[in-house]
Amino acid sequence: MTNEAGFLRLDSDWAPTEGAAGSLTLTLTNLSDRPLQNFRLAFTSHCRLDPDYQLRGANLVEQIYGYHMLEPPAGFALTRGSTWSVTADRLNYALQHYTDGLKSAYLVLEDGGIVPVASTPTTQNLESGVPRLEAPSGSRSRLPLGMPPVSILPFPMRIEVAGQRDPAGALYLLEGKHESELAFNAAGDLANRLFHSGPPLFGEVGGIACMARQADMAEEGYRIDFAANAVTVHAAGQKGFFYGFVTLGQILHAARDEPNEFTFPATGKIYDAPRFAWRGMLLDVARQVYEAKELLRVLDLLAWHKLNRFHLHLSDDEGWRLDIPGYPQLAKLAAWRGHGRAIPPLLGSPPECYGLVYSRADVAQLTGRAEQLFITIVPEIDIPGHSYSILQSIPELRDPAETGSYRGSPKNVLNPAIHKTYDFLQAVFDEVARLFPSVWIHVGGDEVSTDAWLDSPLARALMREHGWYDIRRLQSYFLHCVQEMTRNLGRRTGAWEEAALWGGIDARDSYLVAWKRSANGLALAEQGYDVVLAPGEAYYLDMAQSEDWWEPGASWAGTVPLERCYTYNPGGDWPEEMKARLLGVQACLWGENLHDRRLFDSMVIPRLWAIAESAWTPSAGKNLSRFTALHALAPRIGTRVRAP
Ligand code: TNX
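Residues numbered from 1 in each chain as written. Predicted model: local features only at pLDDT ≥ 70, side-chain atom pairs only at ≥ 80, totals over all residues. Heavy atoms only, no water.

## Brief notes about the pairing of strand β19 (residues 278-284)
Extensive coverage of β19 is indicated by the burial of seven of its seven residues. Side-chain alternation along β19 places Trp278, Gly280, Leu282 and Asp284 on one buried face and Arg279, Met281 and Leu283 on a second face that is also buried. The pairing of β19 with strand β30 (residues 582-589) spans six bridges and is classified as parallel. For Leu282, the partnering residue across the bridge sits in β30 and is Cys588. As paired strands, β19 and strand β20 (residues 309-313) are joined by five bridges and run parallel to one another. (Buried < 20%, exposed > 50% of the residue type's maximum accessible area, 1.4 Å probe, protein only. Helix = DSSP H or I, 4+ residues; strand = E, 2+ residues; numbered from the N terminus. Pairing = 2+ DSSP bridges.)

And the structure:
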C-alpha cells in the first residue's frame, strides 16, 4: 500500500434532474506531489449506476452492487494539483441524504498498488454542509404537570407513589430467596456496567432495603410496595424480579442525577407487566462489523429498557459471520470484503480486508449474557435471497447454466433445485442450533428476486416435475424445506412477511415479521400467522429522522422522526379477535448507512426507547411529553449521559 493518505481527495455532488434519478459528479483532486497515470478509481456508495447508465469522463470497468471501478480515458494524466471529473447519469434512485452517496474510495495503480483516497460526504447541488452525527438536539423538557416525579422507561402500567427518600445509599437485598437474589445480582451487575461514575446503584448493605416476595402473577410482571423501612418487590419468578429491580435502579439513578425533578418514593405502589411478549431489536451485523463486546453493550442497553429479543441478522449479500463445519469457505471468504477478494469493498468498507467471524466462544459469551438479562438472541440466516456472500464463497451452489445478472445486481439467490443447497443449509442450521438456544430461528425469505431462477435449467426442471407454472412457487417450496429443517432441530421458524406468499410456510410453528408497511401485519394475522410488527415507516432505525440532506439514513420508508416512532400504535387498528396473534414489536437497525460508527447513538437513541415504551406500556399510558422528559436520562452507547 502506497502511503499517500490525504493527498488524493474525491468530492462528489448530486444534482437532481427532472424525471430521472439525477446525476452524480465525482471530482478527484491530485494534491500529491506527483502526477498520476494509468490508474483506476474504485468507490463504494449506497446509490448505484443503473443498468442503462451513462458516464461522461470515464468508463465503467466493474460494478458489484455499490462497488464501482472507473477508468479515465486512455492516456489521461492527473497532474499535480489538477482534477478529474466524471459525471454519471441514471442512478438507481434519486438521492435524499448524503448517506445515499459516496462512502469510500481508493485508486488502483497499474502495478496493482493501492492508493488511499479521502472521500468527502456527497453534497447536493454543491451546497456545503456537515453531516449530523449527534442525536437531534433540544434541551430536555420538564416533566408534564401531574406526572409522578419518578423516572422509569418504559413507563409502568400503573403507578401511585408519594413522598421521597434519601437516594444517597444503594439498593440492597435484605430478604430474598434464590430466584430473587439472582435477579437482584443480574440487575446490579447490569447497572454497574452501564453507569461507571458515581456511587453504585446496587450494593450489599446500607441504603435502601429491598425485600422480595413470591407472588402469583404474570411471568414478566411485578409489583413494588414502597414503605419507609423497605421496598418490597413481588413477582412470580426471576424475570419479574429482574424487571422490578431494574425499575428501582432507574428510579434511584434519576433521583440522584436530577434531584430537583425526580425522587425515590417513600410510599405507594407500582403495578407493572408488559403489553407485548416480543419486545425486540434487530441489528444488522452483516453489512457492518460489530465485535462481540459491542454486542454485549447493546444487550445491556436492551435489558435496561426491558427489551427481550435481540434479532441478530448474521448473513447478507455483503457478509457472513459464522464458521460452519464442513464449509470453511464461509469463514475464509464470505466473512470478508476487500479489494481483489471474493466480495469487493462495499458500503464504506476500505480496500483492506474488512470483516469478522464470531467464534463459538464469542457466541457462547453473548448467549450467556443474554440469558442473564432475560433476552433471547434470535439468529437470522437470510435465505434464499440476500445470499451473494454465500454464492461467492461456495460457487457450487449456483446452477452452472445460470448466467448474467438481473437488474444490474449480481445474482444473489440460492437455487432451490440444487441438492447441495440443502446439504449446505443443514450444516448451517445444525451449527446455528448448536450455538443459539433460541427456540426461534429466523430464515429470512425477504426480497427474493425470482427472476434469478428463470434462466436456471435446473429450476425449470424442478417446476416441470411438480407441474408448477409460476416460478415464485419455488420460493415457497424452498422455505418449506427450510422450515422442515428447523422443525427437525426442535425449533420454530421466523421469517420476513414474504414467507407467507405463494403457498406460505406453515403458520403453526412460525412467526412472521411485517416490515414493508404496518397494514401487512394484520393481513398476515388473518392468514393465521403469529406476527411481529416492525414497520419501516415507524420502526426502521436506519431511516433518516428529517428530510434534511445532511441527516444520515435511508428514505425508502419515508422519514422516521422520534414523534412518528413514538406515536405509532402497534395493533391499534386490529380487531380484538386478531390481537392474540400479535406477538409484539421490534426495531430494526440495518447497516447500509452505518459504516461511520459515530452515527450509531443518534440513529438508535432515543428512538429505540420510544419503541421499548410501545412494547411495554399500555397504549393509553403513553405520553410523548413525559417520554421526552425521561429519555434523556437513559444511558447511551459507551458514554453516560450527562444531564443538560
Ligand atoms: C429492506 S427489511 C431489507 C433490508 C435492508 C432494509 C433497509 C428487510 C427484510 N429487507 O435488507 O437493509 O430494507 O432499510
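## Quick word on helix α15 (residues 607-616)
The element α15 is extensively covered by neighbouring structure, given that ten of its ten residues are classed as buried. Buried within α15 we find Arg607, Leu608, Trp609, Ala610, Ile611, Ala612, Glu613, Ser614, Ala615 and Trp616.

## Digging into the nonpolar core
Judged by nonpolar contacts, the single largest core of 189 residues is most densely connected at Phe242, Phe245 and Leu322. Per-element tally for this core: the top contributor is helix α2 (residues 238-257), with ten residues. Counting contributing residues, this core receives three or more from each of domain 1 (8-124) and domain 2 (158-272). Look past the residues within four positions of Leu322 in its chain and what remains in contact with it is Leu314, Leu330, Ala331, Val357, Tyr358, Val363, Ile381, Val432, Leu435 and Phe436. Ranked by size, the runner-up nonpolar core spans twelve residues in total, among them Val108, Ile343, Leu347 and Tyr388. (Core = buried A, V, L, I, M, F, W, Y, C linked by side-chain atoms within 4.5 Å. Domains from an automatic or database assignment. Contact = heavy atoms within 4.5 Å.)

## Here's the deal with the sheet that holds strand β17 (residues 231-235)
As summarised here, the arrangement of the six strands in space is β13-β18-β16-β17-β15-β14, forming an open sheet in which the pairing is mixed. Unpaired on one side and paired on the other, β13 (158-162) and β14 (171-175) mark the two borders of the sheet. Strand-to-strand twist of the sheet, defined as the mean angle between neighbouring strand axes without regard to direction, takes the value 20°. Alignment of strand β16 (residues 222-226) against strand β18 (residues 267-272), held across five bridges, turns out to be antiparallel. Within the sheet, the bridge partner assigned to Ile224 lies in β18 and is Ile270. Along the sheet, helix α1 (residues 178-194) makes contact with β14 and β15 (208-214), crossing β14 at roughly 175°. Sitting on the sheet, α2 is in contact with β14, β15, β16, β17 and β18, with an inclination near 45° to β16. (Axes fitted to C-alpha atoms, helices over the stretch in contact; angles between N-to-C directions.)

## Focus on the layout of surface pockets
If you add up the space inside the largest pocket, you get close to 1200 Å³. Around the largest pocket, the lining comprises 38 residues; the ones closest to its centre are Arg48, Arg287, His386, Glu447 and Glu592. With three residues, the top contributor of residues to the lining of the largest pocket is strand β5 (residues 49-56). Partitioning the lining of the largest pocket into residue classes produces 14 nonpolar, eleven polar and 13 charged. (1 Å grid on protein atoms, 1.4 Å probe; cavity = no way out; pocket = protein on both sides within 12 Å on 5 of 7 lines; lining within 4 Å. Points joined across faces, edges and corners; volume = space filled by probe spheres on them. Nonpolar A, V, L, I, M, F, W, Y, C, P; charged D, E, K, R; others polar.)

## A closer look at the pattern of salt bridges
Applying the stated rule across the entire model yields 31 salt bridges. Arg56 is the salt-bridge partner of Asp89, the closest N and O atoms lying 2.9 Å from each other. Remark: Arg56 occurs in strand β5 and Asp89 occurs in strand β9 (residues 83-91); sequence separation between them is 33 residues. (Salt bridge = Lys/Arg side-chain N within 4 Å of Asp/Glu carboxyl O.)

## Details of the sheet that holds strand β27 (residues 492-496)
Pairing is parallel in the closed barrel, where eight strands are placed in the order β19-β20-β25-β26-β27-β28-β29-β30. Strand-to-strand twist across the sheet, computed as the mean angle between neighbouring axes with direction ignored, equals 30°. In this sheet, β30 lies alongside strand β29 (residues 530-533) in parallel orientation, the contact comprising three bridges. Opposite Val532, over in β30, you have Gly584 as the bridge partner. Helix α7 (residues 419-435) contacts β25 (376-383) and β26 (440-444) of the sheet and is inclined by roughly 170° relative to β25.

## Observations regarding the packing of aromatic side chains
Tallying each qualifying case throughout the model produces 29 aromatic pairs. Their ring planes at 80° and their centres at 5.6 Å tell us that Phe39 and Trp84 sit as a pair that is edge-to-face. Taken together, the residues Phe39 in the loop between β3 (36-37) and β4 (40-45) and Trp84 in strand β9 connect sequence positions 45 residues apart. Classification of Phe39 as buried rests on a relative accessible area of 2%. (Phe/Tyr/Trp six-rings, centres within 6.5 Å; stacked < 30°, edge-to-face > 60°.)

## Considering empty space enclosed by the protein
If you walk through the whole model with that rule in mind, you get two cavities of 30 Å³ or more. The calculated volume of the largest cavity comes to roughly 100 Å³. Surrounding the largest cavity, twelve residues form its lining, Ser151, Gln250, Trp304, Leu633 and Ala634 being those nearest its centre. If you tally residues by element for the lining of the largest cavity, the top one is α2, at three residues. Classifying every residue of the lining of the largest cavity by side-chain character gives eight nonpolar, four polar and no charged. Contributing to the lining of the second largest cavity are Leu24, Leu26, Phe43, Leu49, Leu55, Leu70, Val86 and Ala88. Only β2 (23-30), β5 and β9 provide two or more residues apiece to the lining of the second largest cavity. Here the lining of the second largest cavity is built from residues that sort into eight nonpolar, no polar and no charged.

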